[in-house]
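Coordinates in review
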Amino acid sequence: MTYQKVLYRIITSTLFLSLVSGCANYSRVTNVEIEADHNGDFYTQSQYFKKNEDLKIFMSFSGGGTRAAAFSYGVLETLRDIKIPLNEKEISLLSEVDVISSVSGGSFTSAYYGLYGDKIFEDYEHIFLKTDVQGILVRGIFNPLNWFRFVGSSFDRSELAIDYYDKYIFKGATFADFRKDMPFIQINATDLSSGHPFIFKQEYFDLICSDLSRFKVARAVAASSAVPVAFAPITVKNYKECKDISIPKIWTDIKFVDSVRTREMKEALGRYSDKEKVQYVHLVDGGIADNLGLRVLYDSVNVSGGVTTLAKKTASAPPKYLVIILINAAVSPEKNMDRTDEEPPISEQIDAFSSAQINRYSIESIQLLKESLQLWATQLSETVDYEVKPYFIQIDFDGIQEKSKNKLLNTVSTSFVLPPEQVDGLRKAAHYLLNESQEFQSLLRDLRAK
């Protein structure tokens, strides 16, 4: 069954249940207010920079269902097996990753790695990649025993997914369970009302006076992958002012870079301060705001007052190697509408214009980050007596030159079920593309020469 058909069945069942209930369903709200006696162990990005100050690696995992999850998993496997010298020892390059920013399907892989480390290489294929998660959820929606839970309650199709993710994938973990020896995992969703990214890190939860450390990882991943209509939004409460509580607030001394993008972001973040107007925040798939999980890096630098200001806050000196690795699992399949003068089906039209919007924004984001990375390296170099070298490493299916293999990868569906051979093919493609990347090989030569 194709993804479009599954989506259609979910939509029709949702409409049916709405008609049966005759009343609105209310979202389940589970985020809690920050308490005055909290021990201060918040999930903030500043806690997660690695000890090797010479090397800073930021990775982003795109959306794309299990396809994205498997593709990014293949990159993790490859980085694990690559060794670099450090203090007269050989270490895994994967151990030097500082931040992983992820969206939708990519968030399953990033969250699992952040919680369980190298255990991901032992059981993640069985737990998620080669499990028919989509079939399990669809059967749950159409199970009459669940209909009574759906009708007139806070239990909806998203809660069904969260229950499964929490029990079988993330084992009840909260953000307090993320390991300090792992990269900082930045799970991205979209604020449905503003259309801007909402990031699951304490700096954002500060804005809604809420404690992220007690929030379920499964719920954040569900928000990051909650395709509108197919899944209900994940809702968090915007609690009243919490100014009397001593919590880390990066927002109090922000000096925004004067640009249209950052002024717009400032306005989007500022709306959370109006506690009467914005009492709840409804979160959906992070791919709507940024399907690469990449733009938030640019925003994070700018809201910190620029790269030199951020470097002073997070390190004793700028790194010598500044690395961005983008893992983009977007596909460009051939479209049936190009072969006929017949009117394309509604589902195909919707898929075409939504994909066009996402892809055009992704292209602009990639160009913006490439240019910004070069500028950041130049600005940092001016503050020290050595050169800060930038590396923008982009891994996507366009790097596969063999037409048959390229076409095969571009036909992998956006769903939460793939045949095992496709999962293995995506992992192999990730290994091949990373090792064939000239920019990546340049980074390895420089690290090994050092």
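In this numbering scheme, every chain counts its residues from 1 along its sequence in written order. Per-residue local features are limited, in this predicted model, to residues with pLDDT of at least 70; the limit for side-chain atom pairs, both in listing and counting, is 80 or more; totals at the level of whole chains, interfaces and linings are taken over all residues. Side-chain figures throughout are based on the complete set of non-hydrogen atoms in the structure, without hydrogens or water.

A few words on the overall build of the protein. The way it works is that DSSP assigns letters per residue, a run of H or I at least four long becomes a helix, a run of E at least two long becomes a strand, and they are numbered from the N terminus. Along the backbone of the protein there are 17 helices and ten strands. Accessible surface computed for the protein: about 21000 Å², of which carbon and sulfur atoms make up 53%. Residue-level accessible areas treat just the shown protein chains as cover; the underlying method is Shrake-Rupley with a 1.4 Å probe.

In this section: the nonpolar core. Counting 123 residues, the largest nonpolar core has Met59, Leu93, Tyr165, Phe170, Phe175 and Phe200 as the members making the most contacts within it. The greatest single-element share of this core, amounting to eight residues, is contributed by helix α2 (residues 65-81). If we skip the residues at most four places from it in the chain, Tyr165 touches Phe108, Val133, Leu137, Phe170, Lys171, Ala218 and Ala222. For this analysis, a nonpolar core means a set of buried residues of the types Ala, Val, Leu, Ile, Met, Phe, Trp, Tyr and Cys, connected via side-chain atoms within 4.5 Å. Under the scheme applied here, a residue whose accessible area is under 20% of the maximum for its type counts as buried, over 50% as exposed, and between as partly exposed, the area being computed with a 1.4 Å probe on protein chains only. Pairs of residues are marked as contacts when any of their non-hydrogen atoms sit within 4.5 Å.

The pLDDT value tells you how sure the predictor is about a given residue, anywhere from 0 up to 100. Of all residues in the protein, 80% attain a pLDDT of 70 or more, and the chain-wide mean is 84. With pLDDT under 50 throughout, residues 1-13 is counted as low confidence; its partners more than four residues away or in other chains account for 19 contacts. A low-confidence stretch, residues 15-22 stays under pLDDT 50, and its non-local contacts, those more than four residues away or across chains, total seven contacts.

A few words now on the environment of Gly195. Turning to its location among the elements, Gly195 is positioned in the loop between β5 (184-191) and β6 (197-199). Judged by relative accessible area, which is 36%, Gly195 ranks as partly exposed. Here the alpha-carbon distance between Gly195 and Ile288, two residues 93 residues apart in the chain, equals 7.5 Å. Discounting chain neighbours no more than four positions away, the residues touching Gly195 are Thr190 and Ala289.

Time to look at helix α7 (residues 157-169). An α-helix turns once per 3.6 residues; consequently, residues spaced three or four apart project the same way. Here the expected length of a helix is defined as 1.5 Å per residue gap, with one fewer gap than residues. Here α7 contains 13 residues, and its C-alpha end-to-end distance of 17 Å stays within 8% of the 18 Å for a straight helix at 1.5 Å per residue. Within α7, burial applies to Arg157, Ser158, Glu159, Leu160, Ala161, Ile162, Tyr164, Tyr165, Asp166 and Ile169.

Following both chains from N to C, one finds helix α3 (residues 105-116) and helix α9 (residues 217-224) inclined at 160 degrees, their axes separated by 10 Å at the closest point. The orientation of α3 relative to α9 falls into the category roughly antiparallel. When you trace α3 past α9, the crossing you get is right-handed. From α3, Ser107, Phe108, Ala111 and Leu115 reach across to α9, where they touch Val217, Val221 and Ser224. Looking at the contact of α3 with α9 residue by residue, the class counts come to five nonpolar, two polar and no charged. Note on method: axes are straight lines fitted to C-alpha atoms, helices fitted across the in-contact stretch only, with angles between N-to-C directions ranging 0 to 180 degrees. Put simply, angles under 35 degrees are roughly parallel, angles over 145 are roughly antiparallel, angles from 65 to 115 are roughly perpendicular, and the rest are oblique. Crossings are sorted by hand: turned counterclockwise from the far helix by less than a right angle, the near helix makes the crossing left-handed, and turned clockwise it makes it right-handed. Three classes are used, and their members are as follows: Ala, Val, Leu, Ile, Met, Phe, Trp, Tyr, Cys and Pro are nonpolar, Asp, Glu, Lys and Arg are charged, and the others, Gly among them, are polar.

Note that Asp166 resides in helix α7. Overall, the relative accessible area of 16% leaves Asp166 in the buried class. Pairs of N or O atoms are called polar contacts if they sit within 3.5 Å, as long as, within protein, a hydrogen donor faces a hydrogen acceptor (for residues adjacent in sequence, only side-chain-to-side-chain pairs). Side chain to side chain, Asp166 and Lys216 meet in a polar contact 2.9 Å long. Every residue in contact with Asp166, bar those within four places of it in the chain, is listed here: Lys171, Gly172, Ala173, Lys216 and Ala218.

Turning our eyes to something else, we now look at the packing of aromatic side chains. Any Phe, Tyr or Trp ring, taking Trp's six-membered ring, that has another such ring centre within 6.5 Å forms a pair; planes under 30 degrees apart are called stacked, those over 60 apart edge-to-face, and the others tilted. Going through the model one piece at a time under the given rule, you end up with 25 aromatic pairs. With centroids separated by 5.0 Å and ring planes inclined at 90 degrees, the aromatic side chains of Phe108 and Tyr165 adopt a geometry described as edge-to-face. With a gap of 57 residues between them, Phe108 in helix α3 and Tyr165 in helix α7 connect regions that are remote in the sequence. Assigned by exposure class, Phe108 and Tyr165 land together as buried. Each member of the aromatic cluster is reached from another via a ring pair, and the members are Tyr43, Phe175, Phe178, Phe184, Phe198, Phe200, Tyr204, Phe205, Phe215 and Tyr272. The rule for a charge over a ring is simple: NZ of Lys or CZ of Arg within 6 Å of the ring centre, and within 35 degrees of the ring normal. The residue whose ring lies beneath Lys237 is Tyr239, and the NZ or CZ to ring-centre distance is 5.6 Å.

For Gly140, the location among the structural elements is in helix α5 (residues 133-142). Take Gly140: its relative accessible area is 11%, and that puts it in the buried class.

Within the fold, Thr109 resides in helix α3. Thr109 gets classed as buried once you look at its relative accessible area, which sits at 0%. There is a polar contact of 2.9 Å between the side chain of Thr109 and the backbone oxygen of Ala69. Ignoring anything within four residues of it in the chain, the contact list for Thr109 reads Phe61, Ala69, Ser72, Tyr73, Leu76, Ile120 and Tyr124.

The next thing to look at is unusual backbone geometry. Excluding glycine, residues mostly have negative phi values, and the peptide bonds linking residues are mostly trans. Despite not being glycine, Ser104 shows a phi value in the positive range, around 50 degrees. In this fold, Ser104 is placed in the loop between β4 (97-103) and α3. Look at Ser104 and you get buried, because its relative accessible area is 7%. Non-glycine residue Lys171 carries a positive phi angle of around 55 degrees. As for its placement among the helices and strands, Lys171 is situated in the loop between α7 and β5. According to the relative accessible area criterion, Lys171 is exposed, its value standing at 53%.

By convention in these notes, a salt bridge is any Lys or Arg side-chain nitrogen within 4 Å of a carboxyl oxygen on Asp or Glu. Under the definition given, this model contains 18 salt bridges. Here Asp166 makes a salt bridge to Lys216, at a shortest N to O gap of 2.9 Å. Within this pair, whereas Asp166 is found in helix α7, its partner Lys216 is found in the loop between α8 (202-207) and α9, the two being separated by 50 residues in sequence. A salt bridge links Lys389 to Asp446, with the nearest nitrogen and oxygen atoms 3.8 Å apart. Here Lys389 is found in strand β10 (residues 389-395), whereas its partner Asp446 is found in helix α17 (residues 438-449), with 57 residues between them in sequence. Connected through shared salt-bridge partners, Glu77, Glu125, Lys130, Asp424 and Arg427 make up one network.

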